[in-house]
Amino acid sequence: MKKAKSYGYWIAGAIAGAANGFFGAGGGMLLVPLLSAFTDLDDSEIFPTSVSIILPICVVSLSFSAFTGPLPIMKALPYLIGGLLGGILCVIVEKRLPTIWLHRIFGGLIVFGAIRTLL
C-alpha cells in the first residue's frame, strides 16, 4: 500500500496549481496520476478527490485572471450550462462503470487533447 509523504502532497498540489495557472486548465488532469502515485487513495476516490482539489485552485486562478482584465462570462455561459449537465450525467454513469473504464476514457481524452494541441 502506498503512503503519501508530506512532500508528495505539496508536489502534487504545486504541479496542479502551476498547470492551472499557466494553461487555465489541466491541473485536474495531472492530479489523477499524481494522487495515484503519491497517496493510498482507492481508485474510486481519486477522481472525486481530484475535483475537490482543483475547484479551489480554479477559483484562485479565476480571481487572479479577473485582476488582469475582464472575464468573458457571457461567452462562457453556454459552456458552463453544458458542463453542469455533463457533470451531473457523468456522476450518475460513473458509479456504474468499472474503474478500469474510467481510466481508459480519461487516458483517451488526454491523448486526444494532446494530439489536438500539437496540431
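Since we're looking at a predicted model, the values are computed, not measured. What you see as residue numbers is a count from 1 along each chain, following the sequence as written. Given that this is a predicted model, residues contribute local features only at a pLDDT of at least 70 and side-chain atom pairs are listed and counted only at 80 or more, while totals for whole chains, interfaces and linings are drawn from all residues. Each side-chain value is worked out from all heavy atoms of the structure, with water and hydrogens disregarded.

Engineer: Is there a simple way to explain helix α2 (residues 27–38) in this structure?
Structural biologist: Along an α-helix, residues three or four positions apart point the same way, because every turn accommodates 3.6 residues. Taking 1.5 Å per residue as the helical rise, α2 with its 12 residues ought to reach 16 Å, and the 15 Å between its terminal C-alpha atoms agrees with that figure. A 1.4 Å probe rolled over the protein chains alone gives each residue an accessible area, and that area as a share of the maximum for its type sets the label: buried under 20%, exposed over 50%, partly exposed in between. Note on conventions: DSSP H or I runs of at least 4 residues are helices, E runs of at least 2 residues are strands, and numbering of each starts at the N terminus. Taken together, the buried positions of α2 are occupied by Gly-27, Gly-28, Leu-31, Val-32, Leu-34 and Leu-35. Expected helix span is computed as 1.5 Å times (number of residues minus one).

Engineer: Looking at this structure, I do not really get the nonpolar core. What am I missing?
Structural biologist: Generally speaking, a soluble globular protein has its nonpolar side chains buried in company with each other. In this description, a nonpolar core means a group of buried Ala, Val, Leu, Ile, Met, Phe, Trp, Tyr and Cys residues linked to one another through side-chain atoms lying within 4.5 Å. Ranked by size, the top nonpolar core spans 12 residues in total: Ala-12, Ala-16, Leu-31, Val-32, Leu-34, Leu-35, Ile-46, Phe-47, Ile-54, Ile-57, Leu-102 and Phe-106. Listing elements by their share of this core, those giving two or more residues are α1 (6–23), α2, α3 (43–68) and α5 (99–118). We call two residues contacting when some pair of their heavy atoms lies within 4.5 Å. Not counting chain neighbours up to four residues away, the residues in contact with Leu-102 comprise Phe-47, Glu-94 and Leu-97.

Engineer: Looking at this structure, I do not really get the packing of α2 against α3. What am I missing?
Structural biologist: Packed helices, taken two at a time, are described by their axes: the angle between them and the distance between them. Two elements in contact, α2 and α3, have axes separated by 9 Å at closest approach and are oriented at 130°. It follows that α2 is oblique to α3 by the angle criterion. Here α2 and α3 pass one another in a crossing that is right-handed. Of α3, the residues touching α2 (which contributes Gly-27, Gly-28, Leu-31, Val-32, Leu-35 and Ser-36) are Ile-46, Phe-47, Thr-49, Ser-50, Ile-53 and Ile-54. Tallied by class, residues from the contact of α2 with α3 come to seven nonpolar, five polar and no charged. Here an axis means a line fitted to C-alpha atoms, over the contact stretch when the element is a helix, while the angle between two N-to-C directions is reported on a 0 to 180 degree scale. What sets the label is the angle itself: under 35 degrees gives roughly parallel, over 145 gives roughly antiparallel, 65 to 115 gives roughly perpendicular, and the rest give oblique. Handedness of a crossing is defined here by the sense of rotation of the near helix relative to the far one, left-handed for an anticlockwise turn of less than a right angle and right-handed for a clockwise turn. Three categories are distinguished: nonpolar for Ala, Val, Leu, Ile, Met, Phe, Trp, Tyr, Cys and Pro, charged for Asp, Glu, Lys and Arg, and polar for the others, with Gly belonging to the last.

Engineer: What is the right way to look at the side chain of Thr-39 in this model?
Structural biologist: Secondary-structure assignment places Thr-39 in the loop between α2 and α3. Given a relative accessible area of 4%, Thr-39 falls into the buried group. Pairs of N or O atoms are called polar contacts if they sit within 3.5 Å, as long as, within protein, a hydrogen donor faces a hydrogen acceptor (for residues adjacent in sequence, only side-chain-to-side-chain pairs). At 2.5 Å, the side chain of Thr-39 and the backbone oxygen of Leu-35 are in polar contact. A polar atom in the side chain of Thr-39 sits 3.3 Å from the backbone nitrogen of Leu-41.

Engineer: Honestly, the confidence of the model for the chain in this entry has me stumped. Any pointers?
Structural biologist: Any segment with low pLDDT has predicted coordinates that should not be analysed in fine detail. For the chain, the mean per-residue pLDDT works out to 82, and 94% of the residues sit at or above 70. On a range of 0 to 100, pLDDT expresses the predictor's confidence in each residue. Averaged over each element, pLDDT in the chain is lowest for α1 (79) and highest for helix α4 (residues 73–94) (87).

Engineer: Would you mind showing me how to read a nonpolar patch on the surface here?
Structural biologist: A cluster of nonpolar side chains, contributed by Leu-84, Ile-88, Leu-89, Ile-92, Val-93, Leu-97, Ile-100, Trp-101, Ile-105 and Leu-109, occupies part of the molecular surface with about 940 Å² of accessible area. Those elements that place two or more of their residues in the nonpolar patch are α4 and α5. Of the residues forming the nonpolar patch, the biggest block, five residues, is contributed by α4. Its location among the elements puts Ile-92 in helix α4. On the accessibility criterion, Ile-92 (45% relative accessible area) is partly exposed. Nonpolar side chains (Val, Leu, Ile, Met, Phe, Trp, Tyr) are joined into patches within 5 Å and like charges within 9 Å, using only residues with over 30% relative accessible area and no salt bridge. Note that accessible areas follow from Shrake-Rupley with a 1.4 Å probe, and for residues the cover is restricted to the protein chains shown. Here a salt bridge means any side-chain nitrogen of Lys or Arg lying within 4 Å of a carboxyl oxygen belonging to Asp or Glu.

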